Amino acid sequence: KAGVTQTPRYLIKTRGQQVTLSCSPISGHRSVSWYQQTPGQGLQFLFEYFSETQRNKGNFPGRFSGRQFSNSRSEMNVSTLELGDSALYLCASSQGRGLTTDTQYFGPGTRLTVL
Amino acid sequence: AQSVAQPEDQVNVAEGNPLTVKCTYSVSGNPYLFWYVQYPNRGLQFLLKYITGDNLVKGSYGFEAEFNKSQTSFHLKKPSALVSDSALYFCAVRDFASGGSYIPTFGRGTSLIVHP
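When you go through chain B residue by residue, the secondary structure sums to 0 helices and 12 strands. Tracing chain B from N to C terminus, the helices and strands come up as β-β-β-β-β-β-β-β-β-β-β-β. Over its C-alpha atoms chain B spans a radius of gyration of 14 Å, differing by no more than 12% from the 13 Å that the globule rule assigns to 116 residues. Based on the C-alpha atoms only, the size of chain B along its principal axes is roughly 45 × 30 × 20 Å. For chain B, the residues scored as buried account for 43% of the 116 residues in total. A sequence separation of at least 24 residues applies to 57% of the contacts in chain B between residues at least 6 apart. Of the accessible surface of chain B, which amounts to about 5400 Å², a share of 51% is contributed by carbon and sulfur atoms. Of note, chain B has its 9 positive side-chain charges centred 5 Å away from the centre of its 8 negative side-chain charges.

Further remarks concern unusual backbone geometry. For the bond from Thr7(A) to Pro8(A), the omega torsion is -10 degrees, close enough to zero to count as cis. The topology assignment puts Pro8(A) in the loop between strand E1 (5-7) and strand E2 (10-13). One non-glycine residue, Glu52(A), adopts positive backbone phi at about 65 degrees. Note that Glu52(A) resides in the loop between strand E5 (42-50) and strand E6 (53-57). For Thr72(B), which is not a glycine, the phi torsion comes out positive at approximately 45 degrees. For Thr72(B), the location among the structural elements is in the loop between strand E8 (64-68) and strand E9 (73-78).

Right, let's get into the interface of chain A and chain B. With 23 residues of chain A at the contact, the number on the chain B side is 19 residues. In total, about 1800 Å² of surface goes out of reach between chain A and chain B, with carbon and sulfur atoms giving 55% of it. At the boundary of chain A with chain B, the tally comes to 0 salt bridges. Connecting chain A to chain B are 5 residue pairs in polar contact (both at pLDDT 80 or more). Elements that contribute at least two residues to the side of chain A that touches chain B include exactly strand E4 (31-38), E5, E6 and strand E9 (87-94) of chain A. Its residues assigned to classes, the side of chain A that touches chain B shows 9 nonpolar, 11 polar and 3 charged.

This model, assessed by the stated rule, comprises 2 disulfides over all chains. Here Cys23(A) connects covalently by a disulfide to Cys91(A), the sulfurs 1.7 Å from one another. In this structure the cystine formed by Cys23(A) and Cys91(A) twists about its S-S bond by roughly -55 degrees; its chirality is therefore left-handed. One end of the pair, Cys23(A), is in strand E3 (residues 19-24); the other, Cys91(A), is in strand E9, and 68 residues separate them in sequence. Summarising the burial analysis for this pair, Cys23(A) and Cys91(A) share the class buried. Shown here is the disulfide that connects Cys23(B) with Cys91(B), its sulfur atoms set 2.0 Å apart. Linking Cys23(B) and Cys91(B), the disulfide has an S-S dihedral of approximately -60 degrees and is accordingly described as left-handed. In this pair, Cys23(B) is assigned in the loop between strand E3 (19-21) and strand E4 (24-26) and Cys91(B) in strand E10 (residues 87-95), connecting sequence segments 68 residues apart.

Moving on to the nonpolar core. Judged by nonpolar contacts, the single largest core of 26 residues is most densely connected at Trp35(B), Leu47(B), Leu48(B), Phe74(B), Leu76(B) and Tyr89(B). Within the residue set of this core, elements represented by two or more residues are strand E2 (10-14), E3, strand E5 (31-38), strand E6 (44-50), E8, E9, E10 and strand E12 (110-115) of chain B. Among the elements that line this core, the one with the most residues is E10(B), at 4 residues. Counting 21 residues, the second-largest nonpolar core is a separate cluster that includes Val4(A), Val32(A), Tyr49(A) and Val78(A).

Cut-offs and rules
Residues numbered from 1 in each chain as written. Chains lettered and ligands numbered in written order. Predicted model: local features only at pLDDT ≥ 70, side-chain atom pairs only at ≥ 80, totals over all residues. Heavy atoms only, no water. Helix = DSSP H or I, 4+ residues; strand = E, 2+ residues; numbered from the N terminus. Rg over C-alpha atoms; globule rule 2.2 N^0.38 Å. Buried < 20%, exposed > 50% of the residue type's maximum accessible area, 1.4 Å probe, protein only. Contact = heavy atoms within 4.5 Å. Areas by Shrake-Rupley, 256 points an atom, 1.4 Å probe, with all protein chains shown as cover. Lys, Arg positive; Asp, Glu negative; His and termini not counted. Charge placed at Lys NZ, Arg CZ, Asp CG, Glu CD. Buried area = accessible area lost by both parts, 1.4 Å probe. Salt bridge = Lys/Arg side-chain N within 4 Å of Asp/Glu carboxyl O. Polar contact = N/O pair within 3.5 Å; in protein donor to acceptor, adjacent residues only side chain to side chain. Nonpolar A, V, L, I, M, F, W, Y, C, P; charged D, E, K, R; others polar. Disulfide = S-S within 2.5 Å. Core = buried A, V, L, I, M, F, W, Y, C linked by side-chain atoms within 4.5 Å.

Here you go:
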């Protein structure tokens, strides 16, 4: 089975712009979660989607949003980019509703640099 | 609120020697505990998890971890380290009882360096 794929792998944007990141889960997985990884804050949970519905949300401003499509693919959007949004954004998928005991499988991440 | 501590930023070990990467946690209910490994420019790879049952959990690549409820610890171990084990290791906890929310909390990560 193919793993979790994320596109693009690298992205450079300037402050004030917006960006959309894409995640394709493992075939058959219905839950997708997003995480932000930075040297300063470490790994932080952004949100989780299951069956096209946001099930949980982390402590991030409203500039961060996401959605999930009927084929379980997910996108996250960051509007009005700030320098502090520079990070590795990781997507993870799991079979059921992910945030219980299900193992999450991570993609390689999208490295976002905001100039 | 749940929390995870990885007290060592870096662990150095010689190839062939046993390794331990430490993790302690704090939760209000029953913990679900996970270990992940991250190689440079890669996402996280699942190693093992503790949900319930046997306190000694065996995982991928020869790693194992021991759940110790009294010490609230879940240390990752391997009997004989390989140079290829050099990577960043993350411990994570999900608190089953936290009001129906199972958001994971990750430790800051421990860099494992295995010397030839």
